[in-house]
Amino acid sequence: MENYLVITALGEDRTGIVDAIAGAASETRCNIADSRMVVMGQEFAIIMMLSGTWDAVAKFEAQIPVLEGRLGLSILVKRTNRREAQKAALPYSVNVIALDNPGIVHEIANFFAVQGINIESLETSTYAAPHTGSPMFALNMIVNIPARVHIGVLRENFMLFCDDRNLDAIIEPYKN
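Fair warning: this is a prediction, and the values are worked out from it, not measured in the lab. (Residues numbered from 1 in each chain as written. Predicted model: local features only at pLDDT ≥ 70, side-chain atom pairs only at ≥ 80, totals over all residues. Heavy atoms only, no water.)

S.K.: Any chance you could explain the layout of surface pockets here in plain terms?
M.R.: By rolling a water-sized probe across the atoms, one finds the places where empty space is left. Estimated volume of the largest pocket: approximately 1,000 Å³. Lining of the largest pocket is provided by 31 residues; of these, Asp34, Arg36, Ile47, Glu120 and Ser121 occupy positions nearest its centre. When residues of the lining of the largest pocket are traced back to their parent elements, those giving at least two are β2 (31–40), β3 (43–52), β5 (89–99), β6 (118–128) and β7 (135–146). Considering only residue class, the lining of the largest pocket consists of 15 nonpolar, nine polar and seven charged. (1 Å grid on protein atoms, 1.4 Å probe; cavity = no way out; pocket = protein on both sides within 12 Å on 5 of 7 lines; lining within 4 Å. Points joined across faces, edges and corners; volume = space filled by probe spheres on them. Helix = DSSP H or I, 4+ residues; strand = E, 2+ residues; numbered from the N terminus. Nonpolar A, V, L, I, M, F, W, Y, C, P; charged D, E, K, R; others polar.)

S.K.: Can you help me understand the sheet that holds β3 in this one?
M.R.: Backbone hydrogen bonds hold the strands of a sheet together, and the pairing may be parallel or antiparallel. Across the sheet, four strands lie side by side as β2-β3-β1-β4; this open sheet has antiparallel pairing. Sheet topology places β2 and β4 (73–80) at the edges, where each strand pairs with a single neighbour. The mean inter-strand angle of the sheet, taken between neighbouring strand axes irrespective of direction, is 10 degrees. Across nine bridges, the pairing between β2 and β3 is antiparallel. Each bridged residue has a counterpart across the sheet, and for Val38 the counterpart in β3 is Ala45. Seen against the sheet, helix α1 (residues 17–27) touches β1 (3–12), β2, β3 and β4 and runs at an angle of roughly 15 degrees to β3. The strands touched by helix α2 (residues 54–71) within the sheet are β1, β3 and β4, with β4 carrying the most contacts at an inclination of about 165 degrees. (Pairing = 2+ DSSP bridges. Axes fitted to C-alpha atoms, helices over the stretch in contact; angles between N-to-C directions. Contact = heavy atoms within 4.5 Å.)

S.K.: Is there a simple way to think about the packing of aromatic side chains in this case?
M.R.: Aromatic ring pairs: the centre-centre distance and the angle between the two ring planes describe each pair. For the structure on display, the rule yields five aromatic pairs. Ring geometry for Phe111 against Phe112: centres 5.1 Å apart, planes inclined by 85 degrees, an arrangement best described as edge-to-face. Here Phe111 falls in the buried class, since its relative accessible area comes to 9%. We classify Phe112 as buried; its relative accessible area is 0%. Seen from their ring centres, Phe111 and Phe161 are 4.9 Å apart, and the 40 degrees between their planes marks the pair as tilted. With a gap of 50 residues between them, Phe111 in helix α3 (residues 104–114) and Phe161 in helix α4 (residues 151–164) connect regions that are remote in the sequence. With respect to burial, Phe111 and Phe161 carry one shared label: buried. (Phe/Tyr/Trp six-rings, centres within 6.5 Å; stacked < 30°, edge-to-face > 60°. Buried < 20%, exposed > 50% of the residue type's maximum accessible area, 1.4 Å probe, protein only.)

S.K.: How should α3 be read in this particular structure?
M.R.: Given 3.6 residues to a turn, an α-helix orients residues that are three or four positions apart in the same direction. Those residues of α3 not exposed but buried are Ile104, Ile108, Phe111 and Phe112. Projected down its long axis, α3 shows its buried positions confined to an angular sector of 90 degrees, all on one face. Turned more than 90 degrees off the buried face of α3, the exposed positions are His106, Ala113 and Val114. Among the structural elements, β5, β7, α4 and β8 (168–173) are those in contact with the buried residues of α3. At the C-terminal side of α3, Gly116 shows a positive phi close to 75 degrees. (Arc of directions from axis to C-beta.)

Following this line, the structure appears as structure tokens:
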């Protein structure tokens, strides 16, 4: 029976962190089932789900203090279960570009929450617009739209929502 462990790690960025964490997973006979890694400012952050036998996961958990000390990371772990596939839901990709303003993520997340639509993943970034240097905001996310939701109506309401806020947006079926 597979056991699952989610780990998050945060610390000053430096070369070799991913190698060390992946090496510890491999040495303890755990599989990296899913992961996301990013460097923000000078900080490294990762979230990873490992799978393995009960004893393999326990061996990895025992390595956490060693990894924290050697890599200068703060590491949190939590046992979990495999997520069941979303039944009667369609994955859609949402992309938004706009002038950067506080509250954009909240407003978009609220739009989908009110509709009963779950956000599966979310990435945002800011950058300077070419030529003008204006502060720009970009959002990319994947949502699971329940089959009960009429896609055409949702798309129209979302585009009106974005137009009201001067957000340039696209919502389309997710292509893996």
